[in-house]
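Close look at the chain arrangement
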Amino acid sequence: MYYVGLMRRNGMGTPRDSAGAAASMLAAAHAGIPQAMFILSNMLYAGEGVRKDEREARRWLEQAAESDYPPALQQMAMALRDGSHGFERDGQRAVRLIKEMAHAMKHQPREP
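Everything quoted here is computed from the prediction, not taken from an experiment.

**Description of the packing of aromatic side chains**
- Here the structure, examined in full by the defined rule, presents two aromatic pairs.
- Centre to centre, the rings of Y2 and Y3 are 5.0 Å apart; their planes meet at 65°, and the pair counts as edge-to-face.
- You can call Y3 partly exposed: its relative accessible area is 41%.

Pasting the structure below:
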């Protein structure tokens, strides 16, 4: 479902379909794919193919970060640094997440 979501989102071999992409990413996220959790989070935050839902976007971002997915750790650290995406500013936690991201970059999960 992750790759189907990418194809639908980017119009690869099929017309672009943001709603279909979001549905596919949701299925992949529920299956535990951190890459899908991260993309779904961004789609929810932007309202891309789904109703904008910052709370749900944050939940998926946190789950992707908990899975040690480097882009999610980085985005969450930046949100904590800036006080955006529903996070209150927390510079110390942001620094910790950047360190976790650096470590996770050395042990990246395989593509699904």
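**A look at the packing of helix α2 (residues 18–30) against helix α3 (residues 34–46)**
- Contact geometry for α2 and α3: axes closest at 8 Å, N-to-C directions at 140°. Compared by their axis directions, α2 and α3 come out oblique. When you trace α2 past α3, the crossing you get is left-handed. Residues S18, A21, A22, M25, L26, A28 and A29 of α2 pack against A36, M37, I39, L40 and M43 of α3.
- A breakdown of the residues in the contact of α2 with α3 according to their chemical character gives 11 nonpolar, one polar and no charged.

**Brief notes about the pattern of salt bridges**
- Considering all chains together, one arrives at six salt bridges under this definition.
- Between K52 and E54 there is a salt bridge whose closest N-O contact spans 3.7 Å.
- A salt bridge links E56 to R59; its shortest N-O distance comes to 2.6 Å. With a gap of three residues between them, E56 and R59 both fall in helix α4 (residues 54–66), about one helical turn apart.

**Structural notes on the side chain of S41**
- Mapped onto the secondary structure, S41 falls in helix α3.
- Taking the relative accessible area as the measure of exposure, S41 reaches 3% and is therefore buried.
- Excluding anything up to four places from it in sequence, S41 contacts A57, W60 and L61.

**Topic: the packing of helix α1 (residues 2–10) against α2**
- Remark: α1 packs on α2, axes separated minimally by 8 Å, with the N-to-C direction vectors making an angle of 160°. Considering their axes alone, α1 and α2 lie roughly antiparallel with respect to each other. α1 and α2 meet at a crossing whose hand is left-handed. Across the interface between the two elements, Y2, V4, G5, L6, R8 and R9 of α1 pack against G20, A21, S24, M25 and A28 of α2.

**Points about the environment of H107**
- Looking at the secondary structure, you find H107 in the segment after α6 (91–105).
- Separated by 38 residues in sequence, H107 and Y69 place their C-alpha atoms 9.5 Å apart.

**Description of the nonpolar core**
- The biggest cluster of nonpolar side chains holds 31 residues, and the ones touching the most others in it are Y2, M25, A72 and M76.
- Put simply, the parts of the chain that give this core at least two residues each are α1, α2, α3, α4, α5 (70–82) and α6.
- In terms of residue count, the dominant contributor to this core is α3 (seven residues).
- When neighbours within four sequence positions are excluded, Y2 is seen to be in contact with M25, A28, I33, Q35, A36, I39, E111 and P112.

What counts and what doesn't
Residues numbered from 1 in each chain as written. Predicted model: local features only at pLDDT ≥ 70, side-chain atom pairs only at ≥ 80, totals over all residues. Heavy atoms only, no water. Phe/Tyr/Trp six-rings, centres within 6.5 Å; stacked < 30°, edge-to-face > 60°. Buried < 20%, exposed > 50% of the residue type's maximum accessible area, 1.4 Å probe, protein only. Axes fitted to C-alpha atoms, helices over the stretch in contact; angles between N-to-C directions. Helix = DSSP H or I, 4+ residues; strand = E, 2+ residues; numbered from the N terminus. Parallel < 35°, antiparallel > 145°, perpendicular 65-115°, else oblique. Left-handed = near helix turned anticlockwise from the far one by under 90°. Contact = heavy atoms within 4.5 Å. Nonpolar A, V, L, I, M, F, W, Y, C, P; charged D, E, K, R; others polar. Salt bridge = Lys/Arg side-chain N within 4 Å of Asp/Glu carboxyl O. Core = buried A, V, L, I, M, F, W, Y, C linked by side-chain atoms within 4.5 Å.

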